[in-house]
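# Examining the three-dimensional arrangement
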Amino acid sequence: MTTEPWLIDELLKIRGLEVDFDGFKAVDGVDVDVKVGEVHFLIGPNGAGKTTVIDCITGMTKPTGGSVLFDETELRGKKENEIVKLGVGRTFQTASVFEALTVEDNLDLAASFRMSTLKLLRRRRGTSETVTKALESTGLEDVRAKPAGTLSHGQKQWLEIGMLLCQDPKLLLLDEPVAGMSPEERTRTGELIRLVAESCTVLCVEHDMDFLRRFADRVTVMDEGKVIKANATVAEVQADERIQEIYIGKGRGIEEVSA
Ligand SMILES: Nc1ncnc2c1ncn2[C@@H]1O[C@H](COP(=O)(O)OP(=O)(O)OP(=O)(O)O)[C@@H](O)[C@H]1O
Ligand SMILES: [Mg+2]
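This report concerns the structure included in the present document. Since this is a predicted model, take the numbers as computed values, not measurements.

Here we take up the site of ligand 1. Contacts to ligand 1 come from Phe21, Phe24, Ala26, Gly44, Asn46, Gly47, Ala48, Gly49, Lys50, Thr51 and Thr52. When contributions to the shell around ligand 1 are tallied by element, the ones reaching two or more residues are β2 (24–35) and α2 (50–58). Of the residues forming the shell around ligand 1, the biggest block, three residues, is contributed by α2.

Moving on, we come to the sheet that holds strand β7 (residues 171–175). Taken together, six strands build an open sheet; the order of strands is β6-β7-β8-β3-β9-β10 and the sheet is mixed. In the strand order of this sheet, the two ends are held by β6 (88–90) and β10 (226–232), each with one partner. Across the sheet, the axes of successive neighbouring strands diverge by a mean angle of 15°, strand direction being ignored. Where β6 lies against β7, three bridges are found, and the strand directions are parallel. Bridge assignment links Val88 to a residue of β7, and that residue is Leu171. Strands in contact with helix α8 (residues 183–196) are β3 (39–43), β7 and β8 (201–205); relative to β8, the strand with the most contacts, it is inclined by about 150°.

Let us now look at helix α7 (residues 153–165). End to end, α7 covers 19 Å across 13 residues, agreeing with the expected 18 Å (1.5 Å per residue, within 8%). Burial of α7 is extensive: eleven of the 13 residues sit out of reach of the surface. Taken residue by residue, α7 has Gln155, Lys156, Gln157, Trp158, Leu159, Glu160, Ile161, Gly162, Met163, Leu164 and Leu165 as its buried positions. Where α7 is buried, its residues touch β6, α4 (103–112), α6 (129–138), β7 and α8.

Another aspect to go through is α8. A rise of 1.5 Å per residue sets the reference length of α8, with its 14 residues, at 20 Å; its end C-alpha atoms lie 20 Å apart and thus fit the reference within 8%. Regarding α8, the residues found buried are Arg186, Thr189, Gly190, Leu192, Ile193 and Val196. Along the axis of α8, the buried positions cluster into a sector of 160°, meaning they face one direction only. In α8, those exposed residues whose orientation departs by more than 90 degrees from the buried face are Pro183 and Glu184. Where α8 is buried, its residues meet β3, α6, α7, β7, β8 and α9 (209–215).

Analysis parameters
- Residues numbered from 1 in each chain as written.
- Chains lettered and ligands numbered in written order.
- Predicted model: local features only at pLDDT ≥ 70, side-chain atom pairs only at ≥ 80, totals over all residues.
- Near = placed C-beta within 6 Å.
- Helix = DSSP H or I, 4+ residues; strand = E, 2+ residues; numbered from the N terminus.
- Pairing = 2+ DSSP bridges.
- Axes fitted to C-alpha atoms, helices over the stretch in contact; angles between N-to-C directions.
- Contact = placed C-beta atoms within 7 Å.
- Expected span 1.5 Å × (residues − 1).
- Buried ≥ 20, exposed ≤ 12 C-beta atoms within 10 Å, placed from the backbone.
- Arc of directions from axis to C-beta.

Written as structure tokens, this is what we have:
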């Protein structure tokens with residue numbers, strides 16, 4: 001039996017994706033390919049349709065056309081919780097952690113989402129291996145006993161990524177993970193993303209070109225609901241005059257673009 005070559009190395013294959021909001025095409029025939037194990041960035045000016053594409057992958061928004069193939073499974077028509085179970089995790093533009101719970105309890109709760117009731121009842125007290133690993137990866141060991149509400153903005157984002165890691169995803173979708181972060185926090189987030197990519201594939205929406213230069217494998221660029229460059233390197237994106245013009249025309253140069 002022969003296998004289509006893309007089945008081997010494309011984890012996510014979006015084809016002809018369309019989202020029509022009452023006559024307004026927010027996403028208009030978008031194709032995106034994300035290879036297994038890569039850190040793929042989706043960029044584009046405000047309103048380009050990036051978040052809407054992410055929402056279509058997670059089932060939060062129902063596309064009006066096209067296909068979202070993940071690990072050989074069509075996600076269109078599936079419910080959000082089914083898509084999570086298949087191994088897709090996502091963060092939002094604003095972190096959503098349980099502020100009153102400690103860092104460790106947030107991670108523990110996230111880890112329990114994928115456990116059966118029987119496993120939950122049988123599990124031993126103390127910190128599980130999954131939670132210990134997530135604390136280590138995110139560098140949050142020192143604040144494990146603190147309520148999440150007392151964390152800095154950066155720490156909350158890392159906690160949210162840690163919570164997703166506890167669910168052992170195959171694909172992690174990050175929507176502007178470094179927005180509002182200091183340069184040091186951005187670097188730590190980039191390092192965390194690279195670490196995550198050792199065991200999982202990452203699709204990240206981000207504007208910051210310096211961040212892309214340091215941490216992206218490949219880039220897809222969108223504008224006004226369409227893909228204008230696919231699977232490019234950061235150097236190719238920066239050398240593309242059309243992309244420069246689009247960003248400048250919308251009020252900011254690509255070099256200084258930050259969320
Ligand atoms: N639920 C909705 N109903 C109607 N229009 C919507 C809805 N959600 C998004 N839009 C519109 O669709 C377009 C794409 O929005 P989207 O949020 O996907 O852009 P984005 O690329 O993520 O932008 P940003 O960089 O500002 O986050 C925008 O014009 C937005 O106003
Ligand atoms: Mg957005």
